[in-house]
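So the chains spell out like this:
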Amino acid sequence: NYKDADLSQIARYALARIPGDAVDRVLIDVLGRTDGANKLGIINTLGNRRAVAGVAPLTALLRSDQKEVAAEAAKALGRIGTPATAKVLEQALATGGVDREIAADAYLECADLLLTAGDRQTAGTMYERILASDLPGYIQGAALQGYACAMSADEVLTEVVSALKRGDVQLQAVAARIARDIQGPEAGRRFAEAMPDLSVRAQAWLIRAMAGRREQA
């Protein structure tokens, strides 16, 4: 049946609605014996089910010479969202093979799930890794948003000031939005001290953020 594309798709949709490890095992078994759109669909389904048993075969697919398969496997691992998948995606970011931005998006989704599950330390470390990278500003901005939810106010303040001093517009915009929500005199002092080191654009954003803070006080 897995060779019949239409039938396989119908079967996958039906299986996806059934909870339990037994279904995960069936999907994993079929994963190794199919290709094309059906393979991509099974990968997606394993991710949506957060099938921990699928971590090993999905990890192997990160090395696929088919870019779509490798990318879909990375996304699925991100949605499974465990410390184990975090390590796998961290390795994928370091070694390449998967499109770096796709791997980073998956890594951040994994971090968000770990944060939701209460693992602030692991999630915070993951956000820090993205912020310390040379990935595009929109990805670093997403990491900064997660970092602001995971870490202490003082740590967030330090990272926001650092982000404002960088040259990326998207990252600066996110940092300014977060700055508006950081209350207390210490934050005001740190922002004022940073002002001379900022670009004109970042200064304008930070001034608006500080005005917003005064309104909330």
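The structure this text deals with has already been given above.
Overview of the structure.

Procedures and definitions
- Residues numbered from 1 in each chain as written.
- Predicted model: local features only at pLDDT ≥ 70, side-chain atom pairs only at ≥ 80, totals over all residues.
- Heavy atoms only, no water.
- Helix = DSSP H or I, 4+ residues; strand = E, 2+ residues; numbered from the N terminus.
- Buried < 20%, exposed > 50% of the residue type's maximum accessible area, 1.4 Å probe, protein only.
- Contact = heavy atoms within 4.5 Å.
- Core = buried A, V, L, I, M, F, W, Y, C linked by side-chain atoms within 4.5 Å.
- Salt bridge = Lys/Arg side-chain N within 4 Å of Asp/Glu carboxyl O.
- Axes fitted to C-alpha atoms, helices over the stretch in contact; angles between N-to-C directions.
- Parallel < 35°, antiparallel > 145°, perpendicular 65-115°, else oblique.
- Left-handed = near helix turned anticlockwise from the far one by under 90°.
- Nonpolar A, V, L, I, M, F, W, Y, C, P; charged D, E, K, R; others polar.
- Lys, Arg positive; Asp, Glu negative; His and termini not counted.
- Expected span 1.5 Å × (residues − 1).
- Polar contact = N/O pair within 3.5 Å; in protein donor to acceptor, adjacent residues only side chain to side chain.
- Patch = residues over 30% accessible without salt bridge, like charges linked within 9 Å, V, L, I, M, F, W, Y side chains within 5 Å.
- Areas by Shrake-Rupley, 256 points an atom, 1.4 Å probe, with all protein chains shown as cover.
- Charge placed at Lys NZ, Arg CZ, Asp CG, Glu CD.

1. With respect to the overall build of the protein chain
Scanning the protein chain from terminus to terminus reveals 13 helices and zero strands. Listed N to C, the secondary structure of the protein chain is α-α-α-α-α-α-α-α-α-α-α-α-α in terms of helices and strands. Across its three principal directions, the C-alpha atoms of the protein chain cover 65 × 30 × 25 Å. Relative to its full complement of 217 residues, the protein chain shows a buried share of 46%. Taking all contacts inside the protein chain whose residues are at least 6 apart in sequence as the whole, residues at least 24 apart take part in 59%.

2. Considerations on the side chain of Asp24
Its place among the elements puts Asp24 in helix 2 (residues 21-31). Each residue touching Asp24, except ones within four places of it in the same chain, is listed here: Leu46, Arg49 and Ala51.

3. Considering the nonpolar core
With 69 residues, the main nonpolar core has Leu58, Tyr127, Ile130, Val160, Phe191 and Leu206 as its most contacted residues. In terms of residue count, the dominant contributor to this core is helix 7 (residues 100-116) (nine residues). Apart from residues lying up to four places away in sequence, Ile130 is in contact with Leu93, Ala104, Tyr107, Leu108, Leu135, Ile139, Gln140 and Ala143.

4. Quick notes on the pattern of salt bridges
Taken as a whole and assessed by the stated rule, the structure comprises nine salt bridges. When the shortest N-O distance is used, the salt bridge between Arg189 and Glu193 registers 2.5 Å. Taken together, the residues span about one helical turn, with Arg189 and Glu193 both in helix 12 (residues 185-194) at a distance of four residues. Owing to a relative accessible area of 47%, Glu193 belongs among the partly exposed residues under this scheme. One continuous salt-bridge network, built from bridges that share partners, spans Glu186, Arg189 and Glu193.

5. Section: the packing of helix 7 against helix 8 (residues 120-131)
Taken N-terminus to C-terminus, the directions of helix 7 and helix 8 make an angle of 155°; their axes are 8 Å apart at the nearest point. Between helix 7 and helix 8, the angle is such that the two are roughly antiparallel. Relative to helix 8, helix 7 is oriented so that their crossing is left-handed. Here Ala104, Tyr107, Leu108, Cys110, Ala111, Asp112, Leu114 and Leu115 of helix 7 lie close against helix 8, whose contacting residues are Arg120, Thr122, Ala123, Met126, Tyr127, Arg129 and Ile130. Its residues assigned to classes, the contact of helix 7 with helix 8 comprises 11 nonpolar, one polar and three charged.

6. Here's the deal with the side chain of Glu72
Mapped onto the fold, Glu72 is located in helix 5 (residues 67-80). Salt bridges are absent for the buried Glu72, whose nearest opposite-charge side chain, Lys75, sits at 4.3 Å. Each residue touching Glu72, except ones within four places of it in the same chain, is listed here: Leu40, Ile43 and Asn44.

7. Re helix 7
Here helix 7 is 17 residues long and its end C-alpha atoms lie 24 Å apart, about the 24 Å a rise of 1.5 Å per residue gives. Considered for burial, the residues of helix 7 that qualify are Ala103, Ala104, Ala106, Tyr107, Leu108, Cys110, Ala111, Leu114 and Leu115. One side-chain oxygen of the residue at the start of helix 7 lies 3.0 Å from the amide nitrogen of Glu101, identifying that residue as Asp99. Gly118 occupies a position one or two residues after helix 7 and carries a positive phi of about 100°.

8. Looking at unusual backbone geometry
Located in the positive-phi region is Arg50, a residue other than glycine, with phi close to 50°. Mapping Arg50 onto the fold places it in the loop between helix 3 (36-48) and helix 4 (55-61). By relative accessible area, which is 38% here, Arg50 ends up partly exposed.

9. Concerning a negative patch on the surface
On the surface, a cluster of negative charge is made up of Asp99, Glu101, Asp105, Glu109 and Asp112. Residue classification places Glu109 among the partly exposed positions, given a relative accessible area of 33%.

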